[in-house]
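# Breakdown of the fold
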Amino acid sequence: MFKQGVGSFPYYVGIASLEQVATRQDRVCVLNILGTESRGVSPVSHAYSGGNIVFGTSPGRRGQMLKTGLGDIPVYDNVLQGLSDGHEFNVGIVYLPPAGVRDGVAELVRVNPLLNKVIILTEKVSIHDAREIRALAQANGVDVFGANCLGVADAWNHVRIGGALGGDNPEESLIKGSVALYSNSGNFTTTIANYLATAGWGTTTLISSGKDVYIHFALAEFAYALSNDRRSKAAVLYVEPGGYYERDVTFTKPVVACVVGRWKAKLTRAVGHAGAMAGSGDDAESKERWFMDRFGVDSLYSPDNRACTAKGAVVTNIAHIPQALTDVMALRRLEPDFAPTGSLDLKPWLTAHHGVKLPPELTLEPAPPPEPYARQLAAWARQVGFVAPRQNMKDTSGATRMDPTTQVTSVHGYSVLDLALEPLEANFALPLVHEIASDNDRALLDVAVAAESNLVGDPLLIAADAAREAGNAPNAVMAAAAAIVGPKRVERALKATERLIDLFAHSGLEDARDESFDLGRIDIDDDTRALFLAGEDDESVRPEAMLKALRARGGRSVFLKLLESLDGRVHRDGILAAIATTIAWGPLMRKRISRLTATKLPWYLRLYGVMIGATIPGHHHKTGSLWDIPREERFESWTMADLAFLAMTGRKPTPEQAKPLQILIGLLISNGPGAISAQGAKGAVSADGPQSPERVQINKAMVGFLTHTGYTHGGNGFEGMAFLLDQFADSGLADPTDPNHGLDLREMAMTFAKQYKRDKALAKDLGNEVQTVPGIHHPVFRDKPVNYDPRERFIAEFMERRGDHNIFHAYYREVVQALFDVGASPYVFCVNVDAVIAALLLGLLWEDYRSGKLRSKDLETAAFTVFLYGRMIGAAAEIDDHVNRGRNMDTRTPAARCRFVS
């Protein structure tokens, strides 16, 4: 049995007019007032409404307070305690989890006879509980709003009860007027109010009905209260699919109904609101027709089809609501409440075309933003580079990501497969500029790295040679040299880079290659000149050679032009700084990278050169030449692929040899932040403390990467080469790139497969572990009749398009088929990317191996070295990312997750 209410409803309704929904006389109790959502919303509602919350509950927190601008709100364990302390209220707000909502409403009803309204913000309250709540409320004369709503508000009464209608500054959105709002969406309630204001329409009462399956204060109740509200001249509805609440509702005042969700018609489960899924005849199109029939229109309203009557209009886009309402009200000779406050035209605060020519209708001028945004954007515009929020970066990266399905890693959004086809210079720059470097910047980078790779007369070379002679692997040799490239070794270059950024940051320079830029606008003092120029005791000829090479390559840089205008010998570190700033400038000005990254770039460039140079034995480093290649030739024409090949073989590659090496290094750049090598780099940064980035030693982080590589993680590429060497030992193969090699690869593969099958059976009989074939199979790519590693296929297709041939790769493909054909495998295994790397590398080194210039041990060193060259790039990406984003000691493992074994 329910109490007698207003109107002729067959159930209890206590609200006769919208004026009664949210009043200045209402006093509120909030259940779970210290919950996350309530803590943010309740203080704003309390202040906006003049202090209408008398107390809240939060079990176990009696005596605590929720601070607000109008004083503290007391907190009790339960409702009865608050009532016993003399607090009276008539409205209950429920912020409880779904399972607790029914009991929370029951508590409110049971202990407070003055209760007449309950607002439930919780979503996904079960239908069973919603029915019990309905029965409780009906029996006790209580109106319920929700569930899954953002509460109610009244612009005339200056009251907000429940959720966040109007946002953090409700007075900006809830403007007094003549339009009532009823919306299935809480957020769109505020949005529609803002939209209406642009056309001069203010609001009266705003109700977020919620859109759980069960809506307690439904559209029929709203329509009745609307008809009795002297303030409201019209209403706007926001309606989603699902339910029949809108059917057969009668309105006495004009209405604009926005019906959305046609796309949900074929859904079989709820997306968004639990009740916004159509059943039979309650989809969006059906609801559009209900309203169209009621308003006497035969089509939807749009700017191009202004279909409306004095009764109303139906729209499907909230942006059309203001004009539709204006048109409907004009038919009744009713004017807007006030002058329009703006328009819904796109008003961008920021525009950036980046040189792209757009049609006139898309070329928008920036509009002046209102305060406080104008002040914030002005400060942002003055900021040089981007600033990332700091967070725990353990096993996390903002630089690299591996796709678990394809096993393909991307670096700053670029797949390593695509990077494998880019010049090495682009790959070495990518970690630090986050985009593919231009031809100009690649030329500059070639000179910078070449200038750092000859270590003659430097203790770096002594350390590297000592490590090499002690029998260390290539990673330890590199680490010995990198450890010496400490902060003092790069101090001047970093200061010079910082000074260049300061000088040009607000000069209007957009393109660092623009040598027509007026350098007269740049003020150079004596300290700056001294920073960039070499002293009289500096006898090095390397700076002049670098400048000559940069001009010979056609390199353009306004920073180099500035240095050359200083009337003196430029210091080598000044040139390095100018190169680094040129490469970083575009991304820095576009806020793709941070100022910190740009400033540290010379350190990375020096480390690149030193680490490559350290792989060359010391006796090949001579004044003016490296492995007998003159400085001028290397500086002026060599690429990084040439330099890397020289370091491995002692000779310059042909273009046909440079390309496979470039592909190899590109494929090896990264396996994501979980790779052991990446963990070493990130751990080193974390230990130094990235929250004080000036203390992070980039060289130590590189050493961290190097010490976290080894013969298994890095040197294992040799296993595939060893397999191939065994298979081709007596083949007489002369040129692995010649498709007319004269060998029967199918027969060779079948012979191997049959022997492998016999060995496999014998191993099983003896209970021994079956040896796998290096480069074949992969736990991710399996269980299909024919399996492929997408990375291997990508390279194979690229080589095919170029007309390239690699006999070792072709043999691997024959082997996987032969293993299946003889019954040694249940399906055709994949040739994985490790096999491709082994095949390409052995193809490069076959001539030297066959001639005796390289031994088996040299091949293992080469495989490891190539891996290090690739991962050097990936490590730089992780180091820079962690320096910019990480927290101090964030890579450590909590003690609770550590295990002890005995």
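Model, not experiment: these values are computed from the prediction. In every chain, residue numbers begin from 1 and rise along the written sequence. Owing to the predicted nature of the model, reporting of local features is limited to residues with pLDDT of at least 70; listing and counting of side-chain atom pairs is limited to 80 or more, with chain, interface and lining totals taken over all residues. Only hydrogens and water are removed before side-chain values are computed, so all heavy atoms of the structure are retained for them.

With that settled, the discussion passes to the overall build of the protein. Only DSSP runs of H or I with at least four residues qualify as helices, and only runs of E with at least two residues qualify as strands; both kinds are numbered from the N terminus onward. A tally of helices and strands in the protein yields 32 helices and 20 strands. Each principal axis of the C-alpha distribution contributes one length, and for the protein these read about 105 × 80 × 60 Å. Accessible area is worked out with a 1.4 Å probe on protein chains only. A residue is then buried under 20% of its type maximum, exposed over 50%, and partly exposed in between. Within the protein, the fraction of its 902 residues that count as buried is 55%. Long-range contacts, defined here as pairs at least 24 residues apart, represent 73% of the contacts in the protein between residues at least 6 apart. Accessible area for the protein stands at about 38,900 Å²; split by element, carbon and sulfur atoms hold 51% of it. Should any heavy atoms of two residues lie within 4.5 Å, those residues are counted as being in contact. Only the protein chains shown count as covering a residue, and every accessible area follows the Shrake-Rupley method with a 1.4 Å probe.

As a further point, take the sheet that holds strand β1 (residues 28-31). Taken together, the seven strands give an open sheet; going across it, the order is β3-β4-β2-β1-β5-β6-β7, and neighbouring strands pair in mixed fashion. Bordering the open sheet on either side are β3 (65-66) and β7 (143-145), each of which pairs with just one other strand. When DSSP finds at least two bridges between two strands, those strands are taken to pair.

All the domain ranges listed were derived from an automatic or database domain assignment. When its domains are assigned, the protein resolves into domain 1 (18-26 + 90-331), domain 2 (398-423 + 639-902) and domain 3 (437-637). Computed over C-alpha atoms only, the centres of domain 2 and domain 3 are separated by 31 Å. The partner domain 3 presents 34 residues to the 35 residues of domain 2 that form the contact. A pair is scored as a salt bridge if a Lys or Arg side-chain nitrogen falls within 4 Å of a carboxyl oxygen belonging to Asp or Glu. Applying the counting criterion to the domain 2 and domain 3 interface returns one salt bridge. Taking the shortest distance from any N to any O, the salt bridge between E422 and R442 comes out at 3.6 Å. Between N or O atoms, a polar contact is any pair within 3.5 Å; within protein, one atom must be a potential hydrogen donor and the other a potential acceptor, and residues adjacent in sequence are included only when both atoms are from side chains. Counting every contact that joins domain 2 to domain 3 gives 11 residue pairs in polar contact (both at pLDDT 80 or more). The set of elements that each furnish at least two residues to the side of domain 2 that touches domain 3 consists of α23 (640-649), α26 (698-707) and α32 (856-885). We call Asp, Glu, Lys and Arg charged. Ala, Val, Leu, Ile, Met, Phe, Trp, Tyr, Cys and Pro are nonpolar, and the rest, Gly among them, are polar. A breakdown of the residues in the side of domain 2 that touches domain 3 according to their chemical character gives 20 nonpolar, 10 polar and five charged.

Interaxial angle, 0 to 180 degrees, is taken between N-to-C directions of lines fitted to C-alpha atoms, where a helix line uses only the stretch in contact. The N-to-C vectors of helix α25 (residues 676-688) and α26 enclose an angle of 145 degrees; their axes lie 6 Å apart at closest approach. Relative to α26, α25 is oriented so that their crossing is right-handed. For the pair formed by α25 and α26, the contact residues are S677, G680, A681, A684, V685, A687 and D688 on the first element and K700, A701, G704 and F705 on the second. Crossing handedness is defined as follows: a turn of the near helix away from the far one that is anticlockwise and smaller than a right angle gives a left-handed crossing, while the clockwise case is right-handed.

The next point concerns the pairing of strand β5 (residues 91-94). Across the two faces of β5 the burial is the same, with V91 and I93 and G92 and V94 all buried. Crossover handedness is defined by viewing with both strands directed away from the observer: a clockwise path from the first strand over the helix to the second marks the crossover as right-handed. Running through helix α3 (residues 98-111), the crossover from β5 to the neighbouring parallel element strand β6 (residues 117-120) is right-handed.

Bringing the packing of aromatic side chains into the picture now. Side-chain rings of Phe, Tyr and Trp, where Trp is taken by its six-membered ring, are said to pair if the distance between their centres is within 6.5 Å; with planes under 30 degrees apart they count as stacked, over 60 as edge-to-face, and otherwise as tilted. Inspection of the entire model under this criterion finds 25 aromatic pairs. Aromatic side chains Y827 and F829 sit 5.6 Å apart centroid to centroid with 70 degrees between the ring planes, which places their arrangement in the edge-to-face category. Relative accessible area serves as the criterion here: at 14%, Y827 is assigned to the buried category. Judged by its relative accessible area of 15%, F829 falls in the buried class. By way of ring pairs, the aromatic residues F723, F728, F752, Y756, F808, Y811, Y812, W846 and Y849 are connected into one cluster. Remark: a charge is flagged as sitting over a ring if the NZ atom of Lys or the CZ atom of Arg is within 6 Å of the ring centre and within 35 degrees of the ring normal. When the ring centre of Y11 is taken as reference, the NZ or CZ atom of R134 above it lies at 5.1 Å. Between the NZ or CZ atom of R793 and the centre of the ring of Y788, over which it lies, the distance is 3.9 Å.

So, about the side chain of S45. Turning to its location among the elements, S45 is positioned in helix α1 (residues 36-48). Side-chain polar atoms of S45 contact the side chain of R160, separated by 2.8 Å. Non-local contacts of S45, meaning those with residues more than four positions away in its chain, are made with N52, R160, G162 and G163.

Our next topic: the pattern of salt bridges. For the coordinates displayed, the defined rule picks out 46 salt bridges. Notably, a salt bridge pairs D26 with K117, separated by 2.8 Å at the nearest N-O pair. Linking D26 in the segment before β1 with K117 in strand β6, this pair joins segments that are 91 residues apart in sequence. With a relative accessible area of 4%, D26 lands in the buried category. Its relative accessible area of 5% is what places K117 among the buried residues. One connected set of salt bridges, linked through shared partners, spans R102, D103, D129 and E132.

Moving on, we come to a nonpolar patch on the surface. There is a patch of nonpolar side chains on the surface, built from W349, L350, Y373 and W380 and spanning about 420 Å² of accessible area. Given a relative accessible area of 37%, W380 falls into the partly exposed group. Patches were defined on residues exceeding 30% relative accessible area and lacking a salt bridge, with like-charge contacts within 9 Å and nonpolar side-chain contacts (Val, Leu, Ile, Met, Phe, Trp, Tyr) within 5 Å.

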